[in-house]
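Now for the letters of each chain:
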Amino acid sequence: MSTSMTASRKWRKPPMIKNSLMRWVLIFGCLIYLALAFGSFDVKWARVYEGLDRGWQFILAFAKPDFLSRKSDIIDGMTESAIMTITSTACGILISIPIGLGAARNIAPLPVYLVCRGIIAISRALHEIIVAIILVAIFGFGPFAGFVTLSFATIGFLAKLLAEDIEDTDRSQAEAIKATGASWWQWVTYGIQPQVMPRLIGLSMYRLDINFRESAILGLVGAGGIGATLNTAFDRYEFDTASAIIIMIIVIVMLLEYLSGIIRARLQ
Amino acid sequence: MAISIDKNSQKIWAVRDRNTQLTRWFVYFVAVTVIMYCWQTISEATTWFFVLDAPRIAGDIGGRAMPPKWPYINELWKPLWDTINIATIGTVLSLIIAVPIAFMAARNTTPHHIFCRWPALLIIVSTRSINSLIWALLLVAIIGPGIFAGTIAIAVRSIGFCAKLLYEAIEEIDEKQVEAIKATGASRWQVIAYGIVPQIMPSFAGISVFRWDINIRESTVLGYVGAGGIGLQLKASIDVLAWPQVSLILLVIFAAVILSEMVSAKVRAAII
């Protein structure tokens, strides 16, 4: 804490950025940017005002969600979402373990490291929807495109965090295993794996939760899941069905989060 | 750690004892069964002919997409600018809403445990579980297509994320500093301003930059449902099968996301 004493000897809060020139440049930069950005916004307020009525209807629809009139569509969509989530998470974990091992600088040689990091970067940079659009064009409509999309997205997430975890492991434990004359395989299973396993399981549970959330939108581009049902409901302005689907998604995500919280707490 | 006994009744070290091992096998068995069942369902819903044909199709599309149509980039600057604006202003809006919600949700600052904390947690969970694309879909239906719907969608989706991380940061603060400010006779607001805010400022900055980076990625696809940004061009190009344009747009998105990730990593490294 710098006690910036002014002439009146009054204490003032120390500023967050010490360099005053830098501070003013940043503030002005932000202001100019905001002015430019708002300048390029063209909001049709009349349309927004008209829409408020419909928005209110949507909020009212949350009070009386309609689970029944499209029951079979909702059940089909939800099962497909769940199935895509489970398979893609499993497949994603299986693929991301070798890639995560390869992307850890302390156990992988440089060429392998670069290739694996490249795969992770591509998977992380492209949004699931973009991947899904391309894969639907390649594989055709249906849950298979969604399954591949989610598996691919899982790799970027899980392999990156796993690699960072492996890089953070305690060297001495791995060293001790190596000193017993263990092969590379034994070294990884007994020296590295026990150190990263609890977090890997936690992350996998978290990814299961994310994959379910993402599977809800893949249907918009024809890659299967509840998203298609939701999109149809919006297109037909059936807000009561849409709100029922949204409530179901929220409840399932909450349950998954609660479950993964319990599992992670038990592991640590 | 356990000991197992082999045929010659000699003790051998084993990683797990028998019961743990059996339980593990059982869990694996159930997991594999469930996954195989799910896989079978997907397999039935798939036209395998298309999948087997996929390498050829992929090669075909790839061949058409290369080389990217570079002159088209002049039409992409405006959508790109819109995309960045959606992400940035959406993040700013969400932070404005997330801060009070985070203070209401944190155990140590909430005004009331039931009437403030639970509604705040409900807002956090419900905004977090719904993808920004669904919010965009909804807002496009309500307030019409355009950047505004996209910005609000990004803002709503980010509230839960930012508020959750922020309230966890508030719960982890050092209570001694708060106590010290309280001991000077500070009011409730002064305690927040001088005792809590300086402690959470670094994580606040980190969270906002982190979310901004995620939002750039999310806003690239909002156009797909009509909520403005570069996704609009992407959808238009895919709908008319203009693959050279698609590949250029993908390159631009890739560059924008990588750049924003680098900026965010730099800023976070500088803060922490």
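Numbering of residues starts from 1 in each chain and follows the order in which that chain's sequence is written. Each chain takes a letter, starting from A, and each ligand takes a number, starting from 1, following the order in which they are written. Per-residue local features are limited, in this predicted model, to residues with pLDDT of at least 70; the limit for side-chain atom pairs, both in listing and counting, is 80 or more; totals at the level of whole chains, interfaces and linings are taken over all residues.

### Overview of the nonpolar core
Logical step 1: A set of buried Ala, Val, Leu, Ile, Met, Phe, Trp, Tyr and Cys residues, joined to one another through C-beta atoms within 7 Å, is what we call a nonpolar core. Around each residue's C-beta, the other C-beta atoms within 10 Å are counted; 20 or more make the residue buried, 12 or fewer make it exposed, and counts in between make it partly exposed. All C-beta atoms are placed from the backbone. Residues A136(B), L139(B) and L166(B) are the most contacted members of the largest nonpolar core, which totals 135 residues.
Logical step 2: Among the elements that line this core, the one with the most residues is helix α7 (residues 147-171) of chain B, at 15 residues. The helix and strand labels rest on DSSP assignments: H or I over at least four residues marks a helix, E over at least two residues marks a strand, and numbering proceeds from the N terminus.

### Side note on the UniProt feature "transmembrane region" (unreviewed entry) in chain B
Residues and elements named next belong to chain B.
Logical step 1: Using the residue numbers shown here, the UniProt feature "transmembrane region" (unreviewed entry) corresponds to residues 25-42, 84-106 and 241-259.
Logical step 2: Along residues 84-106, the helical share is 96% and the strand share 0%, with 31 Å between the first and last C-alpha atoms.
Logical step 3: Helix and strand shares over residues 241-259 are 89% and 0% respectively, and the end C-alpha atoms of the span are 28 Å apart. UniProt positions are given in the numbering used here, feature names are shortened, and annotations may be inferred rather than shown by experiment.

### A closer look at the UniProt feature "domain: ABC transmembrane type-1" (unreviewed entry) in chain B
Logical step 1: When the UniProt feature table is mapped to this numbering, "domain: ABC transmembrane type-1" (unreviewed entry) covers residues 80-264 of chain B.
Logical step 2: The straight-line gap between the two end C-alpha atoms of residues 80-264 of chain B is 18 Å; of that span, 84% is helix and 0% is strand.

### What to know about the interface of chain A and chain B
Logical step 1: Contact between two residues is assigned when their C-beta atoms, built from the backbone, lie within 7 Å. Counting residues at the interface gives 42 residues for chain A, matched by 47 residues for chain B.
Logical step 2: Counting residues per element, the ones that place at least two in the side of chain A that touches chain B are α2 (45-63), α3 (71-102), α5 (128-139), α6 (143-167), α8 (184-218), α9 (226-235) and α10 (239-267) of chain A.
Logical step 3: The nonpolar class holds Ala, Val, Leu, Ile, Met, Phe, Trp, Tyr, Cys and Pro. Asp, Glu, Lys and Arg form the charged class, and all remaining residues, Gly among them, are polar. Classifying every residue of the side of chain A that touches chain B gives 29 nonpolar, eight polar and five charged.

### Side note on helix α4 (residues 110-125) of chain A
Logical step 1: By this rule, a helix spans an expected 1.5 Å times one less than how many residues it contains. Taking 1.5 Å as the rise per residue, α4(A) with 16 residues should run 22 Å; its terminal C-alpha atoms sit 22 Å apart, in good agreement.
Logical step 2: Taken together, the buried positions of α4(A) are C116(A), I120(A), S123(A) and A125(A).
Logical step 3: On the buried face of α4(A), the contacting elements are α3 and α6 of chain A together with α11 (243-271) of chain B.

### Describing the environment of E168(B)
Logical step 1: In this structure, E168(B) sits in helix α7.
Logical step 2: Note: C-alpha distance between E168(B) and A105(B) (63 residues apart in sequence) is 9.0 Å.

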